[in-house]
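Examining the three-dimensional arrangement
Listed below, chain by chain, are the residues.
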Amino acid sequence: MGRHSVSAAESASDDATAGPFRSIRDRFPFKRNNSNSNYSSTNALTRSSSKATLSSHKTSRSHHHHKRKLSLSPFRGKSCFYLCIFTVIFTFALASMVLQSSITSVLRQGVGGDRMRWRWSVKDGLKEGSSLEFVPRRRFELNGSRVDWLRSQPRIGIRPPRIGLILGNMEKDPSALLLYSVMKNLKGLGYLLKLYALGDGRARPIWQEIGGQVSILSPERYGYIDWSIFEGIVVDSLEAKDAISSLMQEPFCSVPLIWIIQEDTLASRLQLYENKGWDRLISNWKNAFRRADVVVFPEFSFPMLYSVLDTGNFFVIPGSPIDVWAAESYSKTHSKSQLRKENGFDTDDMLVLIVGSSFFYNELAWDYALAMHDLEPLLLKYAGSDEAGFTSKFIFLCGNSSKDYSDALQDVATRLRLNEQSVKHYGINSDVNGIILMADIVLYGSSQDEQGFPPLLTRAMSFGIPVIAPDKPVIRKYVVDGVHGVVFPKNDPEALKNAFSLLISEGKLSRFAHSVASSGRLRAKNMFAEECIIGYAKLLEYVFDFPSDVLLPSRPSQLNNSIWEWSLFRMELDQISSNTENLYLEGSSGPNSGIVYDLEEAMLNDPTSSNETQDHSENPGEDIPTILDWDILDEMESSEEVDRLEREEIEERMEKNIGEWDDIYRIARKSEKLRFEVNERDEGELERTGQPICIYEIYSGAGGWPFLHHGSLYRGLSLSTRSRRLSSDDVDAVGRLPILNDTYYRDILCEIGGMFSIANGIDDIHKGLWIGFQSWRAAGRKVSLSKKAEEVLEKTIQENSKGDVIYFWACLDMDGGIVGNNDLLTFWSTCDIMNAGRCRTAFEDAFRRLYGLPSNVEALPPMPEGGGHWSALHSWAMPTPSFLEFIMFSRMFVDSLHSLHINTSKPSDCLLGFSAPEKKHCYCRLLELLVNVWAYHSARKMVYIDPHSGLLKEQHPVEQRKGFMWAKYFDITLLKSMDEDLAEAADDYDHPYKPWLWPLTGEVFWQGVYEREREERYRLKMDKKRKTKEKLLDRLKHGYRQKTLGGG
């Protein structure tokens, strides 16, 4: 949300004058707090209410005093008439100002520093006739998305883009209607939905129609979902905050997240949090909001209400069926005649309801009051005389239900000599639904230009009430003059009077009015559906990433004429009773968010937070150190350092009693015992001592911890030092291979970088005959080894310990459904699909450069086009010597591939991917398949082990490879000679390019290094002998002499 934005206001008080009406808090930003809340900000609201009442009384006394002066004035005729008009304007402005006192209390909530400076800058910058506008900080260019560029590129997609949808609940309500309509249309564009829900509900069957089985999430399951398989996540409610916490850890931090918030429960509590100093709770929510790429609201008032939590990612897609839902549900339990009777109106009265803007501001009160100029002819014609032939009454809906508002309007009626009780006032905190339903005509009388369509007009049209509105851009966008309503030129009283006369005929609504009302009701039912649904489709194209193997969705323009899915929710509306007439009438504008109150209760029950709040409120500046404090601290540290050095020198000069030999022996045994206990803590390392194989599970963040296995067969391999599991013996890849400390290289190498770290000085860490690897993603995609498969693998290795064989259990057709059952795809075509269509080209160029092949020689190793499985997800096991051969080849191949990449015209741009994650992890998808090429052409036996049943099946038998294998390029003798040549070049600092990657990925060793190290060891040995001999000769010549304490 932009810098120029404010929080919306709440009404400050309720009054008994509201009669039988109940409070509405469903869509209007004036009354957001729930009166039934256990944690209400009563004190804050009471103070605000008191200020508003006091201001109203003061203005009332001033007004009556002015009245006595007028009785002595000589004004007559036209002068008196113009004075009455001025009085009307002044009174209406006065009423608006009273409302502003409560709104100002919300605008001032928590303002301090930047927020207060921002508020006054807005006040000074606005002029009469202008309005406040929400401008998002991030510009989402939805008209020209990145997908438009992707559509122009050659690509082969084989799977639909996946959306992970997290539902707060599965109840049938307006928010579910909006989300369901959006998701159903997105599915029509080609998206695939996977549904998660925090709770079950009556809407589960309809959700399953578009998304299949719904997974119910519990707190203990949040961390066991591999969110990386989705192109993006859509979260529906505030209730899903805890689920979002699992997306705030690597490797899920980069998964696009859209958070749709349709409820204002949290917004109504933010003022309380700031008043009580619950900064930690606000920070908790703000961190969750910050994780979302986009926080989407259904109307423009919400970003202002949530401005305290704005992190620059707020966005508004206007449109919601909530007003239509509220009107239809209310009309099923209330009738116009009954409402008129309860409020003292006759059936034949012509009731004209005048509504205004959703927001009022202190700075713009006079600007809003100028709208009364347009109403003057109507009031005088229909309420100022009996010439109309029927009774007309004008109802003003503004402010709150205090007596001062009603008195002010009645005084206006008296001064304009209007008929008795022809003008009446209702507060916005009254039953707005009932007031609209009993009206005959609804007139929009605000002079403000709003960003969104006025919700009161939407609700009036949904009730079937004819509406009259000025020709503002947002009105013309949705309402056709003479069809859905009557539109008149703004600031033209005569045009307004003519428009009004079109709707009245002989004291009743004309046939034209009924036609307009009927058309308006049909229009309002789906008025915002098309714009809203297309808006979400464009937003997904802008926010989501579409990898190379993904089919692009159809264009959002295909969603024209979209509507809300009322048919699936019609039964819910028909079953609404008087007790449940509207989900939003008694609470906030959306489902009740229990998590908001749960976090408040946790805050109250936390003694540390209460102490911090109390200390902060008593003396907030007490703990801030001054410059003098820092100077004193420096002196104290210097003095302590001097004392420590003096003590050490004295202890060195003093003669020490080393004690008895028994004490020395006891201390030595104790230290050995402690050292043994330290080793004893690592039970996994002791168990692995007798194991024939160790499988290293590679992970890159705390989000991968729940997918890792425990036991002697596995050991973690962390690609980041900070993401290592606590109290574990996981291997720190960065510590073994410093290049991985550079995030650029760590990202482009991915899991194979961890393998390089294990191979670098492997004797220090791995002494087993067999070695295996497995990505954390294998467990997330349900292809990791089961207990039965583990037993089969260990037994097979023990029985057949000799021979070059590779066992793999995560195959390419199980890697997140990349290939599926499509047998038409070959190995290289699949690799092309995963690498933006450039896999063969990149592999061939890197292979040609690695071996120095001429351009006229084929450089792409052939792979069989028939069936069979191929390894994926770096999940395999092989003998340790074979692993070292594979690493030797891989290091040279990666170096060759990297040299080609940095020599391109744009080294920072990756040609092996389209999306941002693919470009970030440039080589990862190609290197994931590299082990298949090496194993196939080096004549290794390839065996697939079913990860669930443990069944073994050989793939691509060696006998069938004869005539296809390029064994000469993968011969160990050739690879060793090439490795030594590279090592010699690195030793001589003869780098082919800078920075040269190969020396940084492992050991650099050749015969010259061995000879130089042997010579260095011999030189050190001879130097030691020479020094020892010189020392003995010196003692024989001069004897032993102790140095003085002064060191002379």
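Let me sum up the structure you'll find in this document. (Residues numbered from 1 in each chain as written. Predicted model: local features only at pLDDT ≥ 70, side-chain atom pairs only at ≥ 80, totals over all residues. Heavy atoms only, no water.)

Turning our attention to the overall build of the chain. On a plain count of helices and strands, the chain comes out with 41 helices and 23 strands. Residue burial in the chain is summarised as follows: out of 1048 residues, 54% are buried. For the chain, the share of sequence-separated contacts (at least 6 apart) that also reach a separation of at least 24 residues comes to 77%. Only carbon and sulfur atoms are counted for the fraction: they give 52% of the accessible area of the chain, which is about 49400 Å². (Helix = DSSP H or I, 4+ residues; strand = E, 2+ residues; numbered from the N terminus. Buried < 20%, exposed > 50% of the residue type's maximum accessible area, 1.4 Å probe, protein only. Contact = heavy atoms within 4.5 Å. Areas by Shrake-Rupley, 256 points an atom, 1.4 Å probe, with all protein chains shown as cover.)

Below, the discussion takes up the state of the cysteines. Taken as a whole and judged by the stated rule, the model has three disulfides. For the chain, the bonded cysteines connect in the pattern 1-6, 2-3, 4-5 when numbered consecutively along the sequence. (Disulfide = S-S within 2.5 Å.)

Once that is clear, we can look at the packing of aromatic side chains. Using the criterion set out here, one finds 47 aromatic pairs in the structure. Through successive ring pairs, a cluster of aromatic residues spans F827, W828, F843, F847, Y851, W870, F889, F893, Y936, W966, Y969 and F970. Over the aromatic face of W285 sits the side chain of K241, whose NZ or CZ is 5.5 Å from the ring centroid. Cation over ring: K525 sits above W566, and NZ or CZ is 4.5 Å from the ring centre. (Phe/Tyr/Trp six-rings, centres within 6.5 Å; stacked < 30°, edge-to-face > 60°. Lys NZ or Arg CZ within 6 Å of the ring centre and 35° of its normal.)

Further remarks concern the side chain of S938. Within the secondary structure, S938 is located in the loop between α38 (930-937) and β22 (941-945). Taking the relative accessible area as the measure of exposure, S938 reaches 13% and is therefore buried.

Right, let's get into the pattern of salt bridges. Pairs can form between side chains of opposite charge whenever their charged atoms are close. Overall, the coordinates contain 32 salt bridges when judged by the stated rule. Among the ionic pairs, E171 bridges to R202, the shortest N-O distance being 3.6 Å. Taken together, the residues span a long stretch of sequence, with E171 in the loop between β1 (162-167) and α5 (174-189) and R202 in the loop between β2 (192-197) and α6 (204-211) at a distance of 31 residues. Take R202: its relative accessible area is 48%, and that puts it in the partly exposed class. Of the charged contacts, one joins D349 and K393 as a salt bridge, the two residues approaching to 3.5 Å between their closest N and O atoms. (Salt bridge = Lys/Arg side-chain N within 4 Å of Asp/Glu carboxyl O.)

This paragraph deals with the sheet that holds strand β12 (residues 467-470). Strand order across the open sheet formed by six strands is β10-β9-β8-β11-β12-β13, with parallel pairing between neighbours. The outermost strands of the open sheet, each flanked by one partner alone, are β10 (423-426) and β13 (486-488). Each strand axis lies, on average, 20 degrees off the axis of its neighbour in the sheet, ignoring direction. Two elements, strand β8 (residues 350-355) and strand β9 (residues 392-397), share six bridges in a ladder whose sense is parallel. In the sheet register, V352 faces β9, and the bridge partner there is F394. Set on the sheet, helix α17 (residues 455-462) makes contact with β8, β9, β11 (441-444) and β12; between it and β12 the angle comes to about 155 degrees. (Pairing = 2+ DSSP bridges. Axes fitted to C-alpha atoms, helices over the stretch in contact; angles between N-to-C directions.)

Taken together, the side chains of L628, I632 and M636 present a nonpolar region at the surface, about 290 Å² in accessible area. If you trace the backbone, M636 turns up in helix α25 (residues 627-653). (Patch = residues over 30% accessible without salt bridge, like charges linked within 9 Å, V, L, I, M, F, W, Y side chains within 5 Å.)

Along any regular strand the residues' side chains alternate between the sheet's two faces. By the bridge criterion, four bridges tie β22 to strand β23 (residues 952-955) in an arrangement that is antiparallel. Bridged to M942 within β23 is Q955. Hairpin connection of β22 to β23: six residues between the antiparallel strands, including G950 at a positive phi of 85 degrees.

The parallel open sheet is built from seven strands, whose spatial order is β3-β2-β1-β4-β5-β6-β7. Each of the sheet's edge strands pairs with one partner strand only, and the pair in question is β3 (214-216) and β7 (314-316). Strand-to-strand twist in this sheet, taken as the mean axis angle between neighbours without regard to direction, amounts to 25 degrees. Relative to strand β5 (residues 257-260), strand β4 (residues 232-235) runs parallel, the two sharing three bridges. In the sheet register, I233 faces β5, and the bridge partner there is L257.

A few words now on helix α9 (residues 279-291). Along its 13 residues, α9 runs 18 Å from first to last C-alpha, staying within 8% of the 18 Å computed at 1.5 Å per residue. Along α9, the positions that sit buried rather than exposed are L281, I282, W285, A288, F289 and R291. Residues of α9 that are buried make contact with α7 (241-245), β5, α8 (270-276), β6 (294-297), β7 and α23 (594-605). (Expected span 1.5 Å × (residues − 1).)

With that out of the way, let us pick up the nonpolar core. Of all hydrophobic cores here, the largest spans 88 residues; its most connected members are I758, F773, W876 and F883. With nine residues, the top contributor of residues to this core is helix α35 (residues 880-902). The residues touching I758, leaving out its near neighbours within four places in the chain, are Y696, L717, V731, R736, I765, I771, F773 and F883. (Core = buried A, V, L, I, M, F, W, Y, C linked by side-chain atoms within 4.5 Å.)

Note on helix geometry: an α-helix contains 3.6 residues per turn, so any two residues three or four positions apart are oriented the same way. With 15 residues, helix α21 (residues 529-543) extends 21 Å from end C-alpha to end C-alpha; this agrees with the ideal 21 Å at 1.5 Å per step. With eleven of its 15 residues buried, α21 lies for the most part within the structure. Within α21, burial applies to A529, C532, I533, I534, G535, Y536, A537, L539, L540, E541 and V543. Where the residues of α21 are buried, they touch α4 (146-151), β1, α5, β5, β6 and β7.

Right, let's talk about the packing of α5 against α6 for a bit. Relative to each other, α5 and α6 sit at 20 degrees, their axes nearing to 10 Å. In terms of axis orientation, α5 runs roughly parallel to α6. Here the hand of the crossing between α5 and α6 comes out left-handed. Of the residues in α6, those in contact with A176, L179, Y180, M183, K184 and K187 of α5 are I206, W207, E209 and I210. (Parallel < 35°, antiparallel > 145°, perpendicular 65-115°, else oblique. Left-handed = near helix turned anticlockwise from the far one by under 90°.)

As a further point, take the packing of α9 against α23. The N-to-C vectors of α9 and α23 enclose an angle of 145 degrees; their axes lie 10 Å apart at closest approach. In this structure, α9 crosses over α23, and the sense of that crossing is right-handed. Contacts from R280, L281, N284 and W285 in α9 reach I595, V596, L599, E600 and M603 in α23. When grouped by side-chain class, the residues that make up the contact of α9 with α23 number six nonpolar, one polar and two charged. (Nonpolar A, V, L, I, M, F, W, Y, C, P; charged D, E, K, R; others polar.)

Residue placement: I475 occurs in helix α18 (residues 473-478). On a C-alpha basis, the gap between I475 and L457 in space is 9.7 Å, while along the polypeptide they are 18 residues apart. When sequence neighbours within four positions are dropped, the list of residues in contact with I475 reads F453, P454, L457, A469, P470 and V487.

Let us look at the layout of surface pockets. Approximately 1300 Å³ is the volume found for the largest pocket. Together, 44 residues line the largest pocket, and S228, P251, R777, P917 and H921 are the ones closest to its centre. The set of elements that each furnish at least two residues to the lining of the largest pocket consists of β16 (693-699), α29 (743-749), α31 (776-780), α36 (916-920) and α37 (924-928). Across the lining of the largest pocket, the residue classes break down as 16 nonpolar, eleven polar and 17 charged. (1 Å grid on protein atoms, 1.4 Å probe; cavity = no way out; pocket = protein on both sides within 12 Å on 5 of 7 lines; lining within 4 Å. Points joined across faces, edges and corners; volume = space filled by probe spheres on them.)

Let's shift gears to unusual backbone geometry. Residue P251 follows E250 across a cis peptide bond; omega there is 10 degrees. Here P251 shows up in the loop between α7 and β5. Positive phi outside glycine occurs at A836, with the angle close to 60 degrees. As for its placement among the helices and strands, A836 is situated in the loop between α33 (827-834) and α34 (839-851). One non-glycine residue, Y989, lies in the positive phi region at around 60 degrees. Within the fold, Y989 resides in the loop between α40 (972-987) and α41 (1007-1038).

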